[in-house]
Amino acid sequence: MNTPVKVAVTGAAGQIGYSLLFRIASGQLFGPQTPIQLRLLEITPALAALEGVVMELQDGAYPLLDSIEIGDQAERVFDGVNAALLVGARPRGPGMERRDLLEANGAIFSVQGKALNAVAADDVKIVVTGNPANTNALIALSNAPDIPAERFTALTRLDHNRAIAQLAAKLDAPVREISRMTIWGNHSASQYPDIFHARVGLENAAELVDDLTWLETDFIPTVANRGAAIIAARGSSSAASAASATIDHLHDWALGSAADDWVSMAVPSDGSYGVPQGLVSSFPCICRAGEYEIVQGLEINDFSRSRIEASVAELAEEQRAVRALGFLG
Ligand code: NAD
Ligand code: LMR
């Protein structure tokens, strides 16, 4: 057995938490050789419901689940954590955009950034799922000056998985044949799912699509608005698929992405592809030995360039908004 990993999950009594926790406990996050110590954060009124979730986790008799602690104080719950899954935040409802949550959720991420800075383990890896995810990650990292900025990431893996599923359906190909999908920019309606480097088997995906107007009429809007479509259909936002993508993101970051493939992660920009340094923007990333690297040297055509720039402009606008609200440390 490996050394146990301390994993914090915020918003643990929420919808995503209800799917996420059982998968973490069963070993799907860090593999079958790594015991887990769960640290679950909730707001005070949700602690009673969280106790019920803890009972269910106990009833799963998961061999890898060593301990569960719960609480409403971030500094206590985050003490010594090696991984932090920041899910807890208000979800949007029908008719809202994710940026409408900036003010309500920004405060949460400045407090949690400070708490992680004070007490997390030196090797902590952080993924923000709570919306607006990219800018919440920016807020958290700017309040955590002692943690390397690149340890703060945000979830665009759900968009990546959605894009793979849509392309597979269009080309009548199995999902497992699709690789090198890329999501650029913000986890919002401005995101750009890019198939120009994607492959189906060994073939270029864009060359297999008969009519590329499909990108503008169908593929991009379907992927970018999938969250809203799920809210309209379910009456609440995606939960099991979001939990699954959160597992995929951190699993691959910790244990490595597949050979000959890459994954999409929103990470602090180092200036790659002209994205201003510091914005938390989605890029194609390769993960090895617990680290990620932005894939370099991809040729970006004019169509892709204008889409990437539009989404990055929205991130810059969100950055200005949260700076004005006083959330950037
Ligand atoms: P939910 O309302 O079911 O659960 C959120 C939980 O967070 C609640 O139990 C709430 O009590 C808790 N919470 C609120 N403030 C908190 C705080 N300060 N500390 C700890 N916990 C706190 O919502 P959900 O469906 O689980 O979604 C959670 C977030 O994830 C939302 O912001 C949603 O928009 C987002 N989301 C993101 C993606 C993505 O791809 N990035 C996908 C789906 C949902
Ligand atoms: C999603 O993409 O499903 C989530 O970000 C929830 C939402 O608000 O769309």
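Preceding this section is the structure that the text describes.
What you see is a predicted model; the values in this text were computed from it and never measured.

J.: Can you walk me through the pattern of salt bridges in this structure?
T.: Opposite charge on two side chains permits them to pair, given that their charged atoms come into close proximity. Using the criterion set out here, one finds seven salt bridges in the structure. Of the charged contacts, one joins K170 and D210 as a salt bridge, the two residues approaching to 3.8 Å between their closest N and O atoms. Of the two residues, K170 sits in helix α6 (residues 157-171) while D210 sits in the loop between α7 (205-208) and α8 (213-224), which places them 40 residues apart along the sequence. Two residues, E216 and R307, come together in a salt bridge whose shortest N-O distance is 3.2 Å.

J.: Which parts of the structure should I look at to understand the site of ligand 2?
T.: Around ligand 2, the neighbouring residues are R92, R98, N131, L158, R162, H187, G227, I231, S237 and S238. One of the side-chain N or O atoms of H187 is found 2.6 Å from an oxygen atom in ligand 2. Protein burial of ligand 2: of its 260 Å² of free accessible surface, 94% is covered by the chains. Its atoms largely coinciding with the cavity grid, ligand 2 occupies the largest pocket. The set of elements that each furnish at least two residues to the shell around ligand 2 consists of α6 and α9 (226-234). Grouping the amino acids of the shell around ligand 2 by side-chain chemistry returns two nonpolar, five polar and three charged.

J.: Looking at this model, I keep getting lost on empty space enclosed by the protein. Mind explaining?
T.: Over the atoms, a rolling probe the size of a water molecule traces out where space has been left empty. If you walk through the whole model with that rule in mind, you get two cavities of 30 Å³ or more. Quantified by volume, the largest cavity comes out at close to 50 Å³. E97, R98, R99, P132, N186, H187, S188, E314 and E318 together form the lining of the largest cavity. A class-by-class count of the residues in the lining of the largest cavity yields one nonpolar, three polar and five charged.

Thresholds applied
- Residues numbered from 1 in each chain as written.
- Chains lettered and ligands numbered in written order.
- Predicted model: local features only at pLDDT ≥ 70, side-chain atom pairs only at ≥ 80, totals over all residues.
- Heavy atoms only, no water.
- Salt bridge = Lys/Arg side-chain N within 4 Å of Asp/Glu carboxyl O.
- Helix = DSSP H or I, 4+ residues; strand = E, 2+ residues; numbered from the N terminus.
- Near = heavy atom within 4 Å.
- Polar contact = N/O pair within 3.5 Å; in protein donor to acceptor, adjacent residues only side chain to side chain.
- Areas by Shrake-Rupley, 256 points an atom, 1.4 Å probe, with all protein chains shown as cover.
- 1 Å grid on protein atoms, 1.4 Å probe; cavity = no way out; pocket = protein on both sides within 12 Å on 5 of 7 lines; lining within 4 Å.
- Sits in = over half its atoms within 2 Å of the grid points.
- Nonpolar A, V, L, I, M, F, W, Y, C, P; charged D, E, K, R; others polar.
- Points joined across faces, edges and corners; volume = space filled by probe spheres on them.

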